Structures are given as structure tokens and as C-alpha cells.
Amino acid sequence: MLLNRSIGVVRYGQQLAAGLGVCLLMISSAAVKASEGLTLAKAEQLALAMDNGVKQFTAQSSMIEQESIAAGGWMDPKLSIGTMNLPGSDLDPLNQGMLEFKVEQMLPRGSSNRIQQNQLQLKKEAMDAAAENRLLLVRRDVRLAWYDVWYWQRAVGALTSDRDLYESLIAVTASMYSQGKKKQQEVYNARVALARLDDQILSFSTSHAESLARLNRWLGESTVSLVSTELPELLELPVGALADTVEAITFQHPLVRESERVIEQTEQGVALARERFKPQFGIELAYGREQGDMAMMGSGDDRNKYSLMVMMDLPLFTANRQNRQLQASEYRKEAALSVRQELVRQLVGQFNAEVARYQGLSKRLDHYTSSLLPDVERQARAALTAYQSDTQDFNSVIQVYRTLLDSRLSYIRLQADIGQSLARINYLMPGSDNQ
């Protein structure tokens, strides 16, 4: 009975392998159909719709755009209304003195308004790049979480499926013990092996629940308990174009573009600091009308008085103000340049490391498919046959089946790791989505 059940499990695994292009991959009989679980594409869609980070960056970008428009305007004029030439003996402005209206308008210092507008426009573009990076981050993190849930879900299914086999081994061992073909110790060993498997199922179920919690963190109220058993189609990584990819990271990644906008802002800051060495001009227009005794000193037409003045501040003492501000802006530019260089170095380093990881995982997956899993499966069948023929002890058989189970779990983990590796590569390599 045990041999027939084992062969049935093996045949089922072989049929599934033929359908999926893999070998000897068993799933739990309790696993849901693909249509009943949350797909990766749907998870990304829900997460992007619920993410407040993107909304925040978008609102800030709109805010800065309005500030940029406002920065191009002149300062508001100042209006003064008062009386002049009042003697101390009579403070009534209607009897004597002059009633005056004065308007003062300060002009922008050099091209400072235009430079400030450019700065804010660059800041808006940096915020747009930050919003784009947030989108990429959300997609990457959702994919990482989804693949973790997929792995633990499949792993629990594989353990649950093997539990039936362990129960059959206990039954067969007990039957052979009753016939005097096995020792009682082997019955105990079989029960201990089943207890260890149950403990592993409990441990994996806990990890599955934790991974679900991390995934649901991105989905808001749309919580899920199962994901699709089908993996998204994974395209081959264009490893032959790595040089072009590095160049794309250097110039196209949102983080790099954001840092470039910051550098350009500091360049505008240097230009703005230079403008502070220029004088600022202002215009003052005044109208006065003589009242009371002052009006009697001349004709009626002479009562209206007009004046026009041009004002200019003189930036003469520049050593501890303008010069220091200019030096500070130049240091700020140097710091921004260093940040960009370090950022590019980090992104390229992460990309190269992730490509190496992806290539290693792909080779291991091919090895599992073509060699390791078939060999371990044949070893398990041979060990079971030898055990039933009473030429091998129980510990040897259970060790072989533990190796087979561990190999299956490693194969599932490899599939999830490859998906996660591609998720990281897709984040580092904008514009190339392999999923």
C-alpha cells in the first residue's frame, strides 16, 4: 500500500512538472485554484491605489508649481497716507499743513525673481522624480511581499501533502512490527518523524501568517488570506546589455534625476547669491495737497504738489554677508555633486550584485530541474523498496524522504527568490519590466 501511494505521489509530481516545465514539484491537495487567490498584478494595482506616499508627492509638486508662479511677481507696493508740516500749536490738518499720498514700489534685485522661479521649477521636477521613485518602491516591495506569501503558502502545502505519506509509513511500520519484521523502536522513530513534521507545519504556518500581514500592509482594507498559486511569467534578464543598463541607471533612475534637479537648484542658488552683489532699486511717487494756512500762501493751482524719487540700496559691506552667502552656496553645490556620485555608485553596485544573484539563482534552478530533484526522487523510491524488503532500516528511509522534502522546499524557495531578484532589478532598471 505504501509503495503504491508513493508511486502515485511521484506520478502526480511528474504530471505537474510536465505541465509547468519543472520536475517533481508537488502541491498541497488543499491548495486553492489560481483564480481564487490574489494575483501579483492585482496586488500591485491595489497597493498603488491605496498608497498615500504618491498622493503626498503629487500634492507637494502642485504646491511648488504654484509657488513658482508666485515667485515671478513683484513685491506688493506700499501706500502711505499722512499729513506734513503741522506746527506744534495747532495739530488740526484741515486748518494748516499738507495732506500727502505716497506709493512706494521696490523692484527685484537683478534677475533674482527669474532665478527663484527656476529654482522652484527644478524643485517641482525633483518632487515629480520622487513620486516616480515612490511608485517603483511600492511595486518592488509589494512584489517582495507577494513572493514571500507565495513561498510559505506552497511550502505549507508541500509539508501537508507529505504528512499523509508519513502517516502511511507509521501504519506500514506498525504492521511489519506486528509481524515481527520490525523493531518497536522503528515505530517510535516513525511517530517522532511525524511529530517533527507537524512542528514544521506549525512553524511554516506562522511564517505564512506573518508574510500575509506584510502584504496586507500595502493593501489597506483589501486584506487577503491566499495568493494565486501561479507565478507571473518571468522573462529572461537582458544580461548582454548590462553596459547600457548601467548607463540607464546613471541617467534615468528617478533617484538620480531627483539628485540632478537638486544640483541644478544649487547652481541657481549660486547665481542668486551673485545677484545679491547688485543694487536693488525702488520707485516712490508722492502727491500732496496743501491745507489751511499753507494753501493761502499761493494760488489754487499751486496747492497740488507732486514728487518722484528713485531709491537704491548700496551693497558696500559684502565681506561678512554677500561673500559668505556666495561661498555657502558653492559649498552646497559641491555637497550635492558628491551626493549624486555616491548615489550612482550605490545604485550601480546594487544592480551588479543583484544581477550576479539572479544568475546564480537561475543556474541553481536549472540544476534542481535537470539533476538534483530527479536523482533524489529515484533515491527515495529505491529506499522505500529496500525498506519494504527489510533490507534497510526506517531511519535511512525517513532521512531520504526528508532530503526529498527539503529539496522540494528549496526548489520552491528558488522560484520565489528569482521573482524577488527580478523585482529588485526592475526597481534599479526603470523602464524594463520583466513581470
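These notes cover the structure that comes with them. (Residues numbered from 1 in each chain as written. Predicted model: local features only at pLDDT ≥ 70, side-chain atom pairs only at ≥ 80, totals over all residues. Heavy atoms only, no water.)

If you tally the helices and strands in the protein chain, you get 10 helices and 4 strands. The secondary structure elements of the protein chain, listed N-terminal to C-terminal, are α-α-α-β-β-α-α-α-α-β-α-β-α-α. Taking contacts inside the protein chain between residues at least 6 apart in sequence as the whole, the part at least 24 apart equals 83%. Here the protein chain displays about 23,200 Å² of accessible surface, and carbon together with sulfur accounts for 53% of that area. (Helix = DSSP H or I, 4+ residues; strand = E, 2+ residues; numbered from the N terminus. Contact = heavy atoms within 4.5 Å. Areas by Shrake-Rupley, 256 points an atom, 1.4 Å probe, with all protein chains shown as cover.)

What follows is about the environment of Asp162. Considering the arrangement of structural elements, one finds Asp162 in helix H4 (residues 112–178). Given a relative accessible area of 4%, Asp162 falls into the buried group. Separated by 32 residues in the primary sequence, Asp162 and Leu194 place their C-alpha atoms 9.7 Å from one another. Non-local contacts of Asp162, meaning those with residues more than four positions away in its chain, are made with Leu197, Leu405 and Arg408. (Buried < 20%, exposed > 50% of the residue type's maximum accessible area, 1.4 Å probe, protein only.)

As a further point, take the packing of aromatic side chains. As enumerated under the stated definition, the model contains 6 aromatic pairs in all. Residues Trp152 and Phe204 carry aromatic rings whose centres are separated by 5.1 Å and whose planes lie at 85° to one another, so their mutual orientation is edge-to-face. Within this pair, whereas Trp152 is found in helix H4, its partner Phe204 is found in helix H5 (residues 184–216), the two being separated by 52 residues in sequence. Here Trp152 matches Phe204 in class, with each residue buried. Seen from their ring centres, Tyr368 and Tyr411 are 6.5 Å apart, and the 40° between their planes marks the pair as tilted. Of this pair, Tyr368 sits in helix H9 (residues 322–388) while Tyr411 sits in helix H10 (residues 394–428), and the two are 43 residues apart along the sequence. (Phe/Tyr/Trp six-rings, centres within 6.5 Å; stacked < 30°, edge-to-face > 60°.)

This next bit is on empty space enclosed by the protein. A full pass over the atoms with the stated rule returns 2 cavities of 30 Å³ or more. Of the pockets and cavities examined, the second largest cavity occupies roughly 30 Å³. Lining the second largest cavity we find Met75, Asp76, Lys78, Glu104, Gln105 and Met106. Examining the composition of the lining of the second largest cavity, we find that 3 residues originate from one element, strand S2 (residues 96–106), more than from any other. Looking at the lining of the second largest cavity residue by residue, the class counts come to 2 nonpolar, 1 polar and 3 charged. (1 Å grid on protein atoms, 1.4 Å probe; cavity = no way out; pocket = protein on both sides within 12 Å on 5 of 7 lines; lining within 4 Å. Points joined across faces, edges and corners; volume = space filled by probe spheres on them. Nonpolar A, V, L, I, M, F, W, Y, C, P; charged D, E, K, R; others polar.)

Taken as a whole, this structure holds 27 salt bridges when the rule is applied. Salt-bridge contacts for Glu377 lead to Arg381; the nearest nitrogen and oxygen are separated by 3.7 Å. Pair noted here: Glu377 and Arg381 are both in helix H9, with a separation of 4 residues, about one helical turn. According to the relative accessible area criterion, Glu377 is buried, its value standing at 2%. (Salt bridge = Lys/Arg side-chain N within 4 Å of Asp/Glu carboxyl O.)

For H4, spanning 67 residues, the distance from its first C-alpha to its last is 98 Å, which sits close to the expected 99 Å at 1.5 Å a residue. Positive phi shows up at Gly180, right after H4, with a value of about 80°. (Expected span 1.5 Å × (residues − 1).)

Let us look at the nonpolar core. Residues Trp146, Tyr151, Phe204, Leu215 and Leu409 are the most contacted members of the largest nonpolar core, which totals 51 residues. The set of elements that each furnish at least two residues to this core consists of helix H2 (40–50), H4, H5, H9 and H10. Here this core takes 19 residues from H4, the largest share from any one element. Residues in contact with Trp146, not counting those within four places in the same chain, are Leu38, Thr39, Leu40, Ala43, Leu215, Val227, Ser228, Glu230, Leu231 and Pro232. By size, the runner-up hydrophobic cluster in this structure holds 22 residues, among which are Leu136, Val256, Val355 and Leu422. (Core = buried A, V, L, I, M, F, W, Y, C linked by side-chain atoms within 4.5 Å.)

Let us look at the side chain of Asp148. As for its position among the elements, Asp148 is in helix H4. Take Asp148: its relative accessible area is 19%, and that puts it in the buried class. Dropping the residues within four chain positions of it, Asp148 is found in contact with Ser211, Arg214, Arg413 and Gln420.

Quick look at the layout of surface pockets now. Of the pockets and cavities examined, the second largest pocket occupies roughly 230 Å³. Around the second largest pocket, the lining residues are Arg109, Arg276, Asp313, Leu314, Pro315, Leu316, Phe317, Arg321, Gln322 and Gln325. Within the lining of the second largest pocket, the residues separate by chemical class into 4 nonpolar, 2 polar and 4 charged.

For Ala383, the location among the structural elements is in helix H9. Separated by 14 residues in the primary sequence, Ala383 and Val397 place their C-alpha atoms 5.5 Å from one another. Discounting chain neighbours no more than four positions away, the residues touching Ala383 are Gln392, Val397 and Val400.

The subject of this paragraph is the packing of H4 against H10. At their nearest, the axes of H4 and H10 sit 9 Å apart, and the two run at 170° to each other. With respect to H10, the element H4 is oriented roughly antiparallel. (Axes fitted to C-alpha atoms, helices over the stretch in contact; angles between N-to-C directions. Parallel < 35°, antiparallel > 145°, perpendicular 65-115°, else oblique.)

On to the environment of Gln116, then. Among the secondary structure elements, Gln116 is positioned in helix H4. For the pair Gln116 and Ala71, spaced 45 residues apart in sequence, the C-alpha to C-alpha distance is 6.4 Å. Excluding anything up to four places from it in sequence, Gln116 contacts Ala71 and Leu272.

These values are about where atoms sit, not about what they do.
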